[in-house]
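# Descriptive analysis of the structure
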Amino acid sequence: MHLQVAASVGAYCAGYLRLIMKNIEDYLISNNTATKELFGVSGMSDGDFLYYVADVAATSVQYGHQYELCNQTIRGVQSGQNPRVVFANYCRTTYSNIFGWNPMSYSQDVLKKVVLGNNTGGRQWWYQKCTEFGFFQIAPKYGSMRSQKIDLEYHRGLCSNVFQLGLWPDVNETNLYYGGKDIAGTSILFMNGSQDPWQHASKLVSSLGERSIMISCPNCGHGVDMRGCPQHPAQIQGNASNCSDITTVNIAREEVLDTLQSWISA
């Protein structure tokens, strides 16, 4: 996933994001309280904070907002502003306005709470990860835009702390249940956006009864086939007019209809 984020934003922007993330982590070590206050997450643990700032970049790309991410951060740093201040401004203005997520929803103290309401969906997603799939976004050893502290032990601690059950995904059992690479199902469509980091957890090559369609354009991210562009907030009726290549999206949608009709009529 990390490598796809870097590929989607391009080497130039990825370089700035690495610089920013290093600046944030260095300042977190030297002035922990002030760093978290800058981002409006006072009281959040170091690990959860580092996960949050990395996820801001990843989800911006995932949902078709890499232009806002790169333009604002690059211009800010080039103008002489402190890198961490530039990114904090992006988080608290642009990112907050687009997604409307409370950054404290990344805190394990919040994830522990069994309540219904805004910004509570993360608990369900983490439960699925901690019991079945994993999909842990661990920092690669080299060239990372994510802190090295976001490692397997961070995720192990989160699963144990949030659910208090010593949960850990049995991926072998999950693969047996769903079929692994030989998926236990037929007539399945796998729709992927070229900029979506999650494409690498999908099926990218078609096989008998399992069609894979890649929708390629510079802002075609997660769920572009149904959500349009950008992918968050979702566009009414999946409006694709803001996709950088409308034709590609429309062709893919026609392929979906043709495929479904062929399966139904078979």
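Residues numbered from 1 in each chain as written. Predicted model: local features only at pLDDT ≥ 70, side-chain atom pairs only at ≥ 80, totals over all residues. Heavy atoms only, no water.

### Things to note about the overall build of the protein
Across its full length, the protein carries 12 helices and 2 strands. The linear arrangement of helices and strands in the protein, starting from the amino end, is α-α-α-α-α-α-α-α-α-α-β-β-α-α. Here the protein has a C-alpha radius of gyration of 20 Å; the compact-globule value for 266 residues is 18 Å, and the two agree. Burial analysis of the protein (266 residues in total) assigns 45% to the buried set. By sequence separation, contacts in the protein at least 24 residues apart represent 61% of the contacts at least 6 residues apart. Just so you have it, the protein exposes about 13,600 Å², and 54% of that area is on carbon and sulfur atoms. In the protein, which carries 19 positive and 21 negative side-chain charges, the distance between the mean positions of the two groups comes to 7 Å. (Helix = DSSP H or I, 4+ residues; strand = E, 2+ residues; numbered from the N terminus. Rg over C-alpha atoms; globule rule 2.2 N^0.38 Å. Buried < 20%, exposed > 50% of the residue type's maximum accessible area, 1.4 Å probe, protein only. Contact = heavy atoms within 4.5 Å. Areas by Shrake-Rupley, 256 points an atom, 1.4 Å probe, with all protein chains shown as cover. Lys, Arg positive; Asp, Glu negative; His and termini not counted. Charge placed at Lys NZ, Arg CZ, Asp CG, Glu CD.)

### A look at the pattern of salt bridges
Side chains carrying opposite charge are able to pair once their charged atoms draw close together. The tally for this structure, following the rule as stated, stands at 5 salt bridges. Salt-bridge contacts for K36 lead to D46; the nearest nitrogen and oxygen are separated by 2.6 Å. With K36 in helix α3 (residues 32-38) and D46 in helix α4 (residues 46-62), this pair connects stretches of sequence that are 10 residues apart. Residue K36 is classed as buried on the basis of its relative accessible area, which comes to 7%. The exposure class assigned to D46 is partly exposed, which follows from its relative accessible area of 32%. As a salt-bridge pair, E153 and R156 come within 3.5 Å of each other at their nearest N and O atoms. A residue pair is termed a helical-turn pair when its members lie 3 or 4 positions apart in one helix, as E153 and R156 do in helix α9 (residues 152-163) at 3 residues. (Salt bridge = Lys/Arg side-chain N within 4 Å of Asp/Glu carboxyl O.)

### Topic: the nonpolar core
Within the largest apolar cluster, 49 residues are counted, with the highest numbers of intra-cluster contacts made by F39, F49, F87 and W126. Looking at this core, the elements with two or more residues in it are α1 (2-9), α2 (11-30), α4, α5 (66-78), α6 (83-99), α8 (122-133) and α9. Element by element, the count of residues in this core is highest for α4, at 9 residues. Not counting the four nearest positions on each side in its chain, W126 is found in contact with Y51, L111, F136, H155, L158 and F163. I215, C217, V224 and A252 belong to the second-largest nonpolar core, a separate cluster that totals 11 residues. (Core = buried A, V, L, I, M, F, W, Y, C linked by side-chain atoms within 4.5 Å.)

### Some details on a nonpolar patch on the surface
Together, L204, V205 and M214 line one region of the surface with nonpolar side chains, adding up to about 270 Å² of accessible area. When its relative accessible area of 60% is taken as the criterion, V205 is described as exposed. (Patch = residues over 30% accessible without salt bridge, like charges linked within 9 Å, V, L, I, M, F, W, Y side chains within 5 Å.)

### A word on the side chain of E25
Along the chain, E25 turns up in helix α2. Salt bridges are absent for the buried E25, whose nearest opposite-charge side chain, K149, sits at 4.1 Å. Excluding residues that lie within four positions of it along the chain, E25 makes contacts with L50, S147 and K149.

### Thoughts on the confidence of the model for the protein
In this model, the protein carries a mean pLDDT of 94, and residues with pLDDT of at least 70 account for 99%. Across the protein, α3 holds the top mean pLDDT of 98, while α1 sits lowest at 87. (pLDDT = per-residue confidence, 0-100.)

### As for the packing of aromatic side chains
Aromatic ring pairs: the centre-centre distance and the angle between the two ring planes describe each pair. Counted according to the given criterion, the structure contains 19 aromatic pairs. Between Y12 and Y16, the aromatic rings sit 5.3 Å apart at their centres with planes inclined by 65 degrees, giving edge-to-face as the arrangement. Within this pair, Y12 and its partner Y16 are both found in helix α2, separated by 4 residues, close to a single helical turn. Relative accessible area serves as the criterion here: at 53%, Y12 is assigned to the exposed category. (Phe/Tyr/Trp six-rings, centres within 6.5 Å; stacked < 30°, edge-to-face > 60°.)

### Things to note about the state of the cysteines
Each disulfide consists of one covalent bond between the sulfur atoms belonging to two cysteines. Summed over the entire model, instances satisfying the criterion amount to 4 disulfides. With a sulfur-sulfur separation of 2.1 Å, C13 is cross-linked through a disulfide to C70. Taking the sign of the S-S torsion, -95 degrees for the link of C13 and C70, the bridge is left-handed. Taken together, the residues span a long stretch of sequence, with C13 in helix α2 and C70 in helix α5 at a distance of 57 residues. Taking the relative accessible area as the measure of exposure, C70 reaches 9% and is therefore buried. There is a disulfide in this structure between C130 and C159, and the S-S distance comes to 2.0 Å. Torsion about the S-S bond of the C130 and C159 cystine: about -80 degrees, corresponding to left-handed handedness. In this pair, C130 is assigned in helix α8 and C159 in helix α9, connecting sequence segments 29 residues apart. (Disulfide = S-S within 2.5 Å.)

### Thoughts on the environment of S42
In this structure, S42 sits in the loop between α3 and α4. The exposure class assigned to S42 is partly exposed, which follows from its relative accessible area of 47%. Counting along the chain gives 10 residues from S42 to N32, while the straight-line C-alpha distance between them is 9.4 Å. The contact partners of S42, leaving out residues within four places of it in the chain, are K36, E37 and M104.

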